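# Structural characterization, general
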Amino acid sequence: QVQLVESGGGLVQPGGSLRLSCAASGSIFSIYAMGWYRQAPGKQRELVADIGSGDNINYADSVKGRFTISRDNTKNTMYLQMNSLKPEDTAVYYCNADLRAKWYYSPAHYWGQGTQVTVSS
């Protein structure tokens, strides 16, 4: 019943900006943490940024100062503002949530389908 849907990806030139969104829907009791991950061709999936229930934020060194993660708990939505984009940022970006679904005791991790971000001139 729980679904995560990413949006906002696309093609931009180096130095441009994009804003990604991840909307969680379904029978959700509580979201404990959410994060953005990315996977480039030939590479493993890596953490970009995450944000906990107490708004504790962690960024990968490669995106510090350029990306900003935020979360709207009333909408169960997470955002990633991406500025000063570089070709190295090209990847599929995935949303992850650590949450507890309604009517279930244990929390679990959920993944979105991913959204493509391409930075190219």
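Look a little higher up for the structure.
A short tour of the structure in this document, coming up.

Rules and cut-offs
Residues numbered from 1 in each chain as written. Predicted model: local features only at pLDDT ≥ 70, side-chain atom pairs only at ≥ 80, totals over all residues. Heavy atoms only, no water. Helix = DSSP H or I, 4+ residues; strand = E, 2+ residues; numbered from the N terminus. Rg over C-alpha atoms; globule rule 2.2 N^0.38 Å. Buried < 20%, exposed > 50% of the residue type's maximum accessible area, 1.4 Å probe, protein only. Contact = heavy atoms within 4.5 Å. Areas by Shrake-Rupley, 256 points an atom, 1.4 Å probe, with all protein chains shown as cover. Core = buried A, V, L, I, M, F, W, Y, C linked by side-chain atoms within 4.5 Å. Disulfide = S-S within 2.5 Å. Salt bridge = Lys/Arg side-chain N within 4 Å of Asp/Glu carboxyl O.

Glancing now at the overall build of the protein. Along the protein, the regular secondary structure elements total 0 helices and 11 strands. Its helices and strands taken in sequence order, the protein reads β-β-β-β-β-β-β-β-β-β-β from the N to the C terminus. The C-alpha atoms of the protein give a radius of gyration of 14 Å, which matches the 14 Å a tight globule of 121 residues would have. Dimensions of the protein, computed from the C-alpha atoms along their principal axes, are close to 50 × 25 × 25 Å. For the protein, buried positions account for 40% of its 121 residues. Considering only intrachain contacts with a sequence separation of at least 6, the fraction spanning at least 24 residues in the protein is 56%. Surface summary for the protein: the accessible area is close to 6,700 Å², and the carbon and sulfur share equals 47%.

Core analysis: the largest hydrophobic core is formed by 32 residues, its most contacted members being Trp36, Leu80 and Tyr93. At 6 residues, strand S9 (residues 91-101) tops the list of elements feeding residues into this core.

On to the state of the cysteines, then. Cysteine pairs can be covalently joined through their sulfur atoms, and such a bond is termed a disulfide. All chains considered together, the criterion is met by 1 disulfide. Across the disulfide, cysteine 22 is cross-linked to cysteine 95 (sulfur-sulfur distance 1.9 Å). Across the disulfide from cysteine 22 to cysteine 95, rotation about the S-S bond amounts to roughly -75 degrees, and the bridge is consequently left-handed. Of this pair, cysteine 22 sits in strand S3 (residues 18-25) while cysteine 95 sits in strand S9; the two residues are 73 residues apart in sequence, bridging distant segments of the chain. Note on cysteine 22: relative accessible area 0%, which makes it buried.

Moving on: the pattern of salt bridges. Under the criterion given, the structure shown has 4 salt bridges. One salt bridge in this structure joins aspartate 89 and arginine 38, with 3.0 Å as the shortest N-O distance. A residue pair is termed long-range when its members are at least 10 positions apart, and aspartate 89 in the loop between strand S8 (77-82) and S9 and arginine 38 in strand S4 (residues 28-39) qualify at 51 residues. Each member of the pair aspartate 89 and arginine 38 is classed as buried. A salt bridge links aspartate 61 to lysine 64, with the nearest nitrogen and oxygen atoms 3.2 Å apart.

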